[in-house]
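Here's the letter readout for the chains.
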Amino acid sequence: MTSQDHIQWPRASSDVRGAMKKPRLRWTLIVAWSLVIHALFLLRYAVHAYRGHHPFSTSTASTASSVRSLPRRTFELVEQHIHAPNLLYHTSAPPIHLVFTTSASYTIGLVALINSTLISAEPQTKPRLQFHIISSDLAEARHVVRMMTDMFKDVNERRFIPYGLKESRDGRLDHVKVWAGYRSESLSKPIVFARYLIPDLLPATVERAIYLDQDTLVVKDLAPLWDIDMDGKPIAAARLCRPTALFRHQFIMKKDPLKNGGFDHDTCTLNNGVLVYDMKSWRASSPSFSNQLFEWTRLNNLDRLYSLGSQPPFNLVFYRNYKILDDRWNLMDIAGLKEDTTYGHGLPWTRTRDEVSSAAVIHWNGEIKPWMCGGEGYYSELWTYFFPNYREYLGNEEIPETMCKSLVVTNPPQPPSVEQFTVVIVSFMRVDTIVKIAKHLQRSLYVKEIVVAWNNVFKPCPEELSELPWVRCIQQEANLVHNRFLIWPNITTEAVLHYDDDVIAPLEDLEAAFSLWKEHRDQILGFEPRVIVCDSAEVDLELQPSAGARIPKGCRYRFQLKQGVFDIVIGKLFFVAKSFMQVYTETPELMELSLDAPCEDIAMSFVTGLLPLPPDSPIHSYNQFPRPPLLFKSNLTEIKSKKFSGLSQGIASGIWRDKRHGCVDALLQIFKGRTPGGQESYYELDPVRRRLYKLPVAGRLDKGWCSDTHGSRECRQP
C-alpha cells in the first residue's frame with residue numbers, strides 16, 4: 001500500500017477534468033509502468049538479500065533437510081507485546097546492526113533476546129534494527145531466520161540476514177578447542193569463536209555492530225549504546241573486577257608467553273558477551289585482530305594458558321585497548337556465585353533489585369541460564385516475561401544434578417489484588433485458638449477469607465466466629481479428618497492454605513511461601529518435612545515398579561533427613577491447589593483410608609506428586625511425575641487452647657503414631673509402591689536481606705526440621 005492510498009486529492013471542475021482526461025491517462029500509464037519496473041527491481045534485490053548479500057553466502061541450494069528440525073509454531077507473545085514490534089515502516093536513519101550467533105540446539109535464548117530488544121526499543125529505534133544471524137552453516141542460519149520470521153510476524157523478514165561459518169571457508173576454525181574442564185565441550189564449538197570473524201563476515205558497508213550473547217536480555221533501548229564515543233578503540237566491552245575475574249585467576253600467568261607479556265596480574269577482565277565493534281578500526285589493524293585472536297587460541301592448544309573459550313584471547317589481544325562500558329550495558333553475575341554472610345556460609349548470590357532495575361542489558365554469564373531449573377531463580381522471571389511458553393521449546397539439555405539445588409529465588413510477590421488465598425482450618429473445639437489465628441491472619445492482604453470446617457457434630461458453629469466477618473464456619477456432618485478437602489466446592493480461590501488450629505505462622509513467611517507456591521502450583525508446599533523409610537531397603541521407591549514388582553512392607557516416615565532428601569510434608573500448614581482437594585475426594589481409596597485414620601495430610605503429598613489434575617483445572621502442569629513436595633523453613637509457634645486438649649496435641653500417643661505409620665504402608669499399597677518423589681532442596685527467607693533462598697537439604701537439615709519457635713523444640717514422631 002502506497003502513501004497515495006490515504007491522500008484525498010482535490011477535485012477539479014468538470015471542464016478541467018475533460019480537458020485533462022487524455023493527458024492524465026497517458027501520464028498515469030507511464031507512472032504505472034515505472035512503478036512496476038521499480039517493484040520488480042526491489043523484489044530481485046530482496047531475493048538476493050535473503051539469499052545472502054555478504055561475501056560468504058554464495059550457496060543457494062536448498063539444504064534445509066540437513067538442519068536439525070526446529071519448531072515452527074507461532075510464538076505466543078504476551079498480550080502487551082503483540083503489536084509492539086512493528087518494523088514495516090521505513091526510516092531514513094542509519095541502521096543499527098545487531099549480531100547474534102546461534103545453533104539449532106541453542107535457539108531458545110535467541111527468541112527472548114530478540115523479543116526483549118524489540119519491546120525495549122523506542123519507536124524511533126525499532127525501524128533501524130537489523131538482525132545478523134550467524135550459525136554453523138548457511139542452511140541452519142536460514143532455518144533459524146525462518147523460525148524468527150514465523151514468530152515475529154510484524155517484523156519485515158529483510159531485517160534478518162543469515163550467515164554461515166562453513167561458507168566462510170576459514171581454516172582457523174578447524175583447530176579451536178578448550179581444555180577439559182569447565183564447560184569444555186560447549187565452549188570448543190566453532191560457533192563460539194564466530195565473534196572473532198564478525199568484521200569479516202558482515203558487509204564492508206557495515207562500520208559498527210553490536211554483538212549480544214544469547215544468554216543476555218535487553219531491557220532498555222540500545223540506541224544510546226550504538227551512539228557511544230569509542231574513543232578510537234576497536235571494541236567496547238564491560239569488565240569484571242571481582243577477585244576471581246582478575247588476570248591472575250583467569251590465566252596461568254607463570255607460563256610463557258604470558259609471563260613476559262607485560263600483563264598486570266591484578267587487571268580486570270573484559271567480558272565478550274556484549275561487544276560494540278568499530279569495524280573500520282578492526283579491519284585496518286595490522287596484524288589483523290582476527291589473526292591475533294586465533295594465534296592465542298593456537299598457543300593455548302599447545303600449552304594450557306587458560307580454561308575458558310573465546311573470551312581469554314579478547315583480554316590478551318585488546319589488553320588496555322578497549323572502551324570500557326558502564327555495567328548497565330552488561331550487568332553480569334546475575335547467577336552462579338556464592339557469598340559468605342553472617343546469616344549463613346556460602347549462600348547463593350545475585351545482583352540487587354536496584355542494580356537490575358537500572359541495567360539496560362542483563363547477562364546470565366556462568367553455567368545457570370534463565371530457562372534452566374524451571375525458570376525459578378536469579379531473575380528468571382524477567383526472561384520468562386519475554387518468552388512465556390518457553391517450556392514448549394526446551395530440548396533435552398542435561399543439567400548437572402547439583403546445579404539447581406541452591407538458588408536465589410527472585411520472583412517478586414504480586415500485588416494482593418491480583419491473587420489471594422483461602423485459609424482452611426479443621427477444628428473440633430478450639431474456639432479460642434481459632435479466634436487468635438483469625439485475628440492474626442486478618443492482617444495479611446493476601447488472605448481472602450478463612451473457612452472453618454467445624455467437625456463437632458454435637459455443637460453448632462461457635463458464635464464467636466460469626467463476629468469475625470472474614471471467617472466462614474461450615475458445620476460438618478461427621479468428625480472426619482478429610483473434611484478439610486470435602487469443602488472444596490465452598491472455596492472461591494484456587495490457592496488454599498491448610499492451617500492447623502494450634503499454630504501461629506509469621507505473616508512474612510506465609511506471604512513469601514505463597515509467592516513461591518504460585519510458581520509451582522502443581523506441587524504441595526509444606527512447612528514440616530518427612531522421609532519414608534522401609535525395612536526392604538533394596539527397593540527403590542523413587543522408581544515406578546514394573547508389573548508384578550514387590551511393594552515394600554514395614555514402612556514409616558522419619559523426621560531425620562540423613563540422606564539429604566525428603567518426600568512428604570505433613571500437616572501444621574501447607575499450600576495446595578483446590579483442584580487437588582477435588583482429586584482427593586474423588587478417589588475412593590483415599591476417602592476410605594481416612595475414614596478412621598489420620599492419613600489425609602500424608603496422602604495429599606501422594607496426590608499432588610502422583611495423580612493428574614482434573615481436566616477442567618485452571619492449573620497447567622509442566623512437571624512430569626513424580627512431582628515432589630516443596631518445603632518452606634519457618635518458625636511456627638504452637639499455641640494451646642484453654643478449653644480443649646485433643647488428640648492433635650497428644651503427639652506422643654503410641655496409638656496415633658502407629659496409625660500414622662500405617663498410613664504410609666497403606667498409601668504405598670494404593671499407589672503401587674510409588675512415592676511422591678525425593679526433594680533435595682528447601683526454601684528459607686533471609687530475615688536480614690529479605691531474600692528467599694533455595695538451599696540443599698544435605699548438611700543443613702540432616703536432623704530434620706520441626707517448625708517451632710526458633711527451632712528450639714526437638715522433633716518428635718509423628
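Rules and cut-offs
Residues numbered from 1 in each chain as written. Predicted model: local features only at pLDDT ≥ 70, side-chain atom pairs only at ≥ 80, totals over all residues. Heavy atoms only, no water. Helix = DSSP H or I, 4+ residues; strand = E, 2+ residues; numbered from the N terminus. Polar contact = N/O pair within 3.5 Å; in protein donor to acceptor, adjacent residues only side chain to side chain. Contact = heavy atoms within 4.5 Å. Axes fitted to C-alpha atoms, helices over the stretch in contact; angles between N-to-C directions. Parallel < 35°, antiparallel > 145°, perpendicular 65-115°, else oblique. Left-handed = near helix turned anticlockwise from the far one by under 90°. Nonpolar A, V, L, I, M, F, W, Y, C, P; charged D, E, K, R; others polar. Core = buried A, V, L, I, M, F, W, Y, C linked by side-chain atoms within 4.5 Å. Buried < 20%, exposed > 50% of the residue type's maximum accessible area, 1.4 Å probe, protein only. Pairing = 2+ DSSP bridges. Expected span 1.5 Å × (residues − 1). Arc of directions from axis to C-beta. Salt bridge = Lys/Arg side-chain N within 4 Å of Asp/Glu carboxyl O. pLDDT = per-residue confidence, 0-100. Disulfide = S-S within 2.5 Å. Phe/Tyr/Trp six-rings, centres within 6.5 Å; stacked < 30°, edge-to-face > 60°.

A. The side chain of D213, seen in detail. Mapped onto the elements of the fold, D213 is located in the loop between β4 (208-212) and β5 (216-218). One polar contact links D213 to Y211, side chain to side chain, over a distance of 2.5 Å. Other than its neighbours up to four places away in sequence, D213 contacts L113, R195, G273 and H363.

B. Inspection of the packing of helix α2 (residues 108-120) against helix α3 (residues 138-151) at higher detail. Following both chains from N to C, one finds α2 and α3 inclined at 45°, their axes separated by 11 Å at the closest point. In terms of axis orientation, α2 runs oblique to α3. The two elements α2 and α3 meet at a crossing, and its hand is right-handed. Contacts between α2 and α3 involve L110, V111 and I114 on the former and, on the latter, V144, M147, M148 and M151. Of the residues belonging to the contact of α2 with α3, the class tally is seven nonpolar, no polar and no charged.

C. Local environment of the nonpolar core. Core analysis: the largest hydrophobic core is formed by 161 residues, its most contacted members being M148, Y499 and F632. In contact with Y499, other than residues within four places in its own chain, are V423, V424, I425, V426, I437, H440, L441, I504, A505, L510, K572 and L573. One finds L173, I198, A209 and M279 within the second-largest nonpolar core, a separate group that totals 43 residues.

D. Highlighting the sheet that holds strand β25 (residues 681-685). Judged by pairing direction, the sheet is mixed, and its 10 strands sit side by side in the order β12-β26-β25-β23-β18-β22-β16-β13-β14-β15 without closing on themselves. Where the open sheet ends on each side, the last strands, each with one partner, are β12 (407-409) and β15 (471-475). Contacting β16 (495-499) and β22 (573-577), helix α18 (residues 578-585) crosses the sheet at an angle of about 85° to β22.

E. Spotlight on helix α10 (residues 289-302). Along its 14 residues, α10 runs 20 Å from first to last C-alpha, staying within 8% of the 20 Å computed at 1.5 Å per residue. Within the sequence span of α10, burial applies to F289, S290, L293, F294, W296, T297, N300 and N301. Taken end-on, α10 shows its buried residues confined to a sector of 150°, consistent with a single buried face. Packed against the buried residues of α10 are α6 (198-201), α9 (279-283) and α11 (311-317).

F. Structural view of the pattern of salt bridges. Applying the stated rule across the entire model yields 22 salt bridges. R172 is paired through a salt bridge with D170; the nearest N and O atoms lie 2.7 Å apart. Overall, the relative accessible area of 27% leaves R172 in the partly exposed class. Of the charged contacts in the structure, one is a salt bridge between D601 and R660, with a shortest N-O distance of 2.7 Å. On the criterion of sequence distance, the pair formed by D601 in helix α20 (residues 600-610) and R660 in helix α21 (residues 654-670) is long-range, its members being 59 residues apart.

G. Inspection of the sheet that holds strand β6 (residues 235-240) at higher detail. Strand order across the open sheet formed by seven strands is β3-β2-β1-β4-β7-β6-β8, with mixed pairing between neighbours. The strands lining the two open edges of the sheet, one partner per strand, are β3 (160-164) and β8 (323-324). With five bridges joining them, β6 and strand β7 (residues 269-278) adopt antiparallel strand pairing. Bridging across to β7, I235 finds its partner in Y277. Where α2 meets the sheet, it contacts β1 (96-101), β2 (129-135), β3 and β4, and its direction lies at approximately 170° from that of β2. The strands touched by α3 are β2 and β3; relative to β3, the strand with the most contacts, the crossing angle is about 160°.

H. Broad picture of the confidence of the model for the protein. Per-residue confidence for the protein averages 82 on the pLDDT scale, and 78% of its residues sit at or above 70. Residue range residues 647-652 is modelled with pLDDT below 50. Its contacts to residues more than four positions away, or to other chains, number 14 contacts. Contacts of residues 709-713 to residues separated by more than four positions or lying in other chains number 11 contacts, the stretch itself having pLDDT below 50.

I. Highlighting the state of the cysteines. On inspection of all chains with the given rule, the structure shows five disulfides. Residue C373 pairs covalently with C404 via a disulfide, S to S 1.9 Å. Taking the sign of the S-S torsion, about -75° here, the bridge from C373 to C404 comes out left-handed. Taken together, the residues C373 in the loop between β11 (361-363) and α13 (380-385) and C404 in the loop between α13 and β12 connect sequence positions 31 residues apart. For the pair shown, C373 and C404 are each scored as buried.

J. Region of interest: the packing of aromatic side chains. Applying the stated rule across the entire model yields 29 aromatic pairs. Relative to F160, the ring of F131 lies with its centre 5.1 Å away and its plane at 20°, an arrangement referred to as stacked. With F131 in strand β2 and F160 in strand β3, the pair connects residues that are 29 residues apart, well separated along the chain. The exposure class of F131 is buried, given its relative accessible area of 0%. Among the residues examined, F160 registers a relative accessible area of 1% and is labelled buried. Note on F263 and Y319: the rings are 5.0 Å apart at their centroids and 85° apart in plane angle, and the pair reads as edge-to-face. With a gap of 56 residues between them, F263 in the loop between α8 (247-250) and β7 and Y319 in the loop between α11 and β8 connect regions that are remote in the sequence. Grouping residues by exposure puts F263 and Y319 together as buried. Among the aromatic residues, ring-to-ring pairing joins F193, Y196, Y277, W282, F289, F294, F314 and F318 into one connected group.

K. Geometry of the pairing of strand β19 (residues 529-533). Most of β19 is tucked away, with four of its five residues classed as buried. Alignment of β19 against strand β20 (residues 556-558), held across three bridges, turns out to be antiparallel. Across the sheet, the residue bridging to I532 is Y557, located in β20.

L. Focus on the environment of H249. The topology assignment puts H249 in helix α8. Placed 16 residues apart in sequence, H249 and H265 show a C-alpha to C-alpha distance of 8.4 Å. Setting aside residues no more than four positions away along its own chain, H249 makes contact with P243 and T244.

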